[in-house]
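So you can see what is in the structure, the chains are spelled out below.
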Amino acid sequence: MRLDGIELRQVALPLVTPFRTSLGTQTTRNALVLRVVSDEGEGWGECVAEDDPTYSAEHLHGAAGFVRRFVVPALAGGDLRPPDVAEALAHLRGHPMAKSAVEMAVLDCWLRARNTALADHLGGVRSRVAVGVSVGVVDGLDTLLETVDKHLTSGYARIKLKIEPGWDLEPVRAVRETFGPATMLTVDANTAYSPADLRHLARLDDFGLALIEQPFAPGDLRSHAALAARVDTPICLDESITSAAEAAEAIRQGACSIINIKPGRVGGYLEARRVHDVARASGVPVWCGGMLETGLGRAGNLALACLPGFTLPGDISATERYYRRDITAPFTLGDDGTMAVPTGPGLGVTPDPDDLGAATTASEWIPVPA
Ligand code: OSB
Ligand code: MG
């Protein structure tokens, strides 16, 4: 496959409700949508970097510049298959979300031309996957309980509460007491705690959580291992796991017994599958994280989440939980807390031209030199 060029689009999607975490508050999801055009057709990708470099070092503005200045020249000329994307970009340090977006668009294009669904290409084994919802920090327990009630009534298979110092034991206790022991409940701190908080965090052990996600800094595997040794609740890593090699090392150090996999964070779907493989070989369950994706990223995440090692519900919620108007047809939640994995070729979805047009705030065409 030879690339003619990459179209970069900035899109802005207002969130149905603001999403607050220990990293900040988002009211609009700004994202970067990529369309690659090749001699075999076109393909779509999404960059999950956010406006500010708070979740990771990447940010949207930087990702666009990185693609324009470094990715396009590196992909010039030659016959390209999806694994070649990561290889051609391997000498460029960092920028996994930007790299992942390009690989995603190339994969979509390549698989469309071969009439193969991404789920089948990755080795998926399920047609529907269990999903949960990530509940942001809110202004009081009443609002929290109302929000959780609404999501449980919708049928979500798991509730994840964002926590931070000052918003942890109390909200978790309130949700557990109100909704009972059968509710699958997890917490995500997005690195908000320091090693000095270890004893405090250990008190979360009383609430029967399915996991505690990323309490400490990305590089601090040692504190995660120390907490894991102290509590019965499984420790899950998100921000720390940037590759299959990092996953293997974190498991070796006892820093996690569950891994949240996000393709953008690890540099693409193919590396995400390798993280899955490493975890599975060690008996470590994985689940698919989310970055408030548009329908494009949601389709890709569903394809990944049907691999056999994804045994816990993912952060892949229905479109209406995020956006009134997405750029693809909406994804809906089934009665049993699952969502359908797209079956069409590639991602199995394409942006609706009207919806994409309405969301687009800027676009540019970057030719790939022959
Ligand atoms: O830590 O999982 C996270 C959103 C943005 C950045 C980091 C995270 C999240 C979420 C949202 O939790 C999950 C979703 O997309 O539903
Ligand atoms: Mg997380």
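Quick note: structure is the one above.
Reading the values: the criteria
- Residues numbered from 1 in each chain as written.
- Chains lettered and ligands numbered in written order.
- Predicted model: local features only at pLDDT ≥ 70, side-chain atom pairs only at ≥ 80, totals over all residues.
- Heavy atoms only, no water.
- Donors = N, O, S within 2.8 Å, 3.2 Å for Na, K, Ca; no water.
- Helix = DSSP H or I, 4+ residues; strand = E, 2+ residues; numbered from the N terminus.
- Buried < 20%, exposed > 50% of the residue type's maximum accessible area, 1.4 Å probe, protein only.
- Pairing = 2+ DSSP bridges.
- Axes fitted to C-alpha atoms, helices over the stretch in contact; angles between N-to-C directions.
- Core = buried A, V, L, I, M, F, W, Y, C linked by side-chain atoms within 4.5 Å.
- Domains from an automatic or database assignment.
- Contact = heavy atoms within 4.5 Å.
- Near = heavy atom within 4 Å.
- Polar contact = N/O pair within 3.5 Å; in protein donor to acceptor, adjacent residues only side chain to side chain.
- Areas by Shrake-Rupley, 256 points an atom, 1.4 Å probe, with all protein chains shown as cover.
- Nonpolar A, V, L, I, M, F, W, Y, C, P; charged D, E, K, R; others polar.
- Phe/Tyr/Trp six-rings, centres within 6.5 Å; stacked < 30°, edge-to-face > 60°.
- Lys NZ or Arg CZ within 6 Å of the ring centre and 35° of its normal.
- Arc of directions from axis to C-beta.
- Right-handed = clockwise from strand over helix to strand, strands pointing away.

Novice: Is there a simple way to explain the coordination of the magnesium ion (ligand 2) in this structure?
Specialist: Geometry reference: four tetrahedral donors at a metal, ideal angle 109.5 degrees. Six octahedral donors, ideal angles 90 or 180 degrees. At this site the magnesium ion (ligand 2) is bound by Asp188 (OD), Glu213 (OE) and Asp238 (OD), with donor distances of 2.1 to 2.3 Å. For the magnesium ion (ligand 2), the single-chain donor residues occur in sequence as D-x24-E-x24-D. Note that Asp188 is positioned in strand S7 (residues 185-188) and Glu213 in strand S8 (residues 211-213), a separation of 25 residues in sequence. This pair shows no difference in class: Asp188 is buried, exactly as Glu213 is.

Novice: Hey, could you run me through the sheet that holds strand S6 (residues 159-162) in this one?
Specialist: Taken in spatial order, the 7 strands line up as S5-S6-S7-S8-S9-S10-S11 in an open sheet, and their pairing is parallel. Whereas interior strands pair on both sides, the edge strands pair on one side only; in this sheet they are strand S5 (133-135) and strand S11 (286-288). The mean inter-strand angle of the sheet, taken between neighbouring strand axes irrespective of direction, is 25°. Where S8 and strand S9 (residues 235-237) come together, 2 bridges link them in parallel fashion.

Novice: Explain the nonpolar core to me, please; I cannot follow it from the model alone.
Specialist: Burial of nonpolar side chains together is a common tendency in soluble globular proteins. Within the largest apolar cluster, 123 residues are counted, with the highest numbers of intra-cluster contacts made by Leu161, Val172, Leu204 and Ile259. A total of 11 residues in this core trace back to one element, the largest contributor, which is helix H3 (residues 96-113). The residue makeup of this core includes at least three contributed by each of domain 1 (3-115 + 349-367) and domain 2 (119-340). Beyond its immediate chain neighbours, meaning those up to four positions away, Val172 contacts Leu161, Ile163, Leu185, Val187, Leu204, Phe207 and Leu209.

Novice: Help me out: how do you make sense of the site of ligand 1 in this one?
Specialist: In the region of ligand 1, 16 residues are neighbours, and Lys162, Asp188, Asn190, Leu292 and Tyr322 sit closest. Here Asp238 contributes a side-chain N or O atom positioned 3.1 Å from an oxygen atom of ligand 1. Separating an oxygen atom of ligand 1 from a backbone N or O atom of Leu292 is a distance of 2.8 Å. When ligand 1 sits alone it has 390 Å² of accessible area, and the protein chains cover 99% of it. Class assignment of the residues belonging to the shell around ligand 1 gives a composition of 5 nonpolar, 3 polar and 8 charged. Residue contributions to the shell around ligand 1 reach at least three from each of two domains, namely domain 1 (3-115 + 349-367) and domain 2 (119-340).

Novice: Please clarify how the packing of aromatic side chains should be interpreted in this entry.
Specialist: Applying the stated criterion across every chain yields a total of 2 aromatic pairs. Plain terms: the ring middles of Phe66 and Phe70 are 6.0 Å apart, the flat faces sit at 40° to each other, and that makes the pair tilted. Of the two residues, Phe66 and Phe70 both sit in helix H1 (residues 60-74), 4 residues apart, roughly one turn of that helix. The class for Phe70 is partly exposed, based on a relative accessible area of 39%. Cation over ring: Arg158 sits above Trp287, and NZ or CZ is 5.3 Å from the ring centre.

Novice: Can you help me understand helix H9 (residues 244-252) in this one?
Specialist: Helical geometry note: an α-helix holds 3.6 residues per turn, so side chains three or four residues apart project in the same direction. For H9, every residue scored as buried is listed here: Ala244, Ala247, Ala250 and Ile251. Looking straight down H9, one finds that the buried residues subtend no more than 120° of arc, so they occupy a single side. In H9, the exposed positions that point more than 90 degrees away from the buried face belong to Ala245 and Arg252. Gly254 occupies a position one or two residues after H9 and carries a positive phi of about 70°.

Novice: So what exactly am I meant to see when it comes to the pairing of S7 here?
Specialist: Each regular strand displays side chains that alternate between the two surfaces of the sheet. By the alternation rule, side chains of S7 split into Leu185 and Val187 and Thr186 and Asp188, which are all buried. With 4 bridges connecting them, S6 and S7 associate as parallel partners. Across the sheet, Lys162 pairs through a bridge with Asp188, a residue of S7. In this region the chain leaves S6, passes through helix H6 (residues 169-179) and returns to the parallel neighbour S7; the handedness of that crossover is right-handed. Bridge count for S7 against S8 is 3 bridges, and the pairing is parallel. The residue of S8 that forms the bridge with Asp188 is Glu213.

Novice: Hey, could you run me through the side chain of Thr294 in this one?
Specialist: Inspection of the secondary structure assignment puts Thr294 in the loop between S11 and helix H12 (295-305). For Thr294, a relative accessible area of 0% translates into the label buried.

Novice: Sorry, what's going on with the environment of Leu144 here?
Specialist: On the secondary structure map, Leu144 appears in helix H5 (residues 141-154). When the C-alpha atoms of Leu144 and Ala174 are compared, they prove to be 9.0 Å apart, with 30 residues separating the residues in sequence. Beyond its immediate stretch of four places on either side in the chain, Leu144 contacts Val135, Val138, Leu161, Trp167, Pro171 and Val175.

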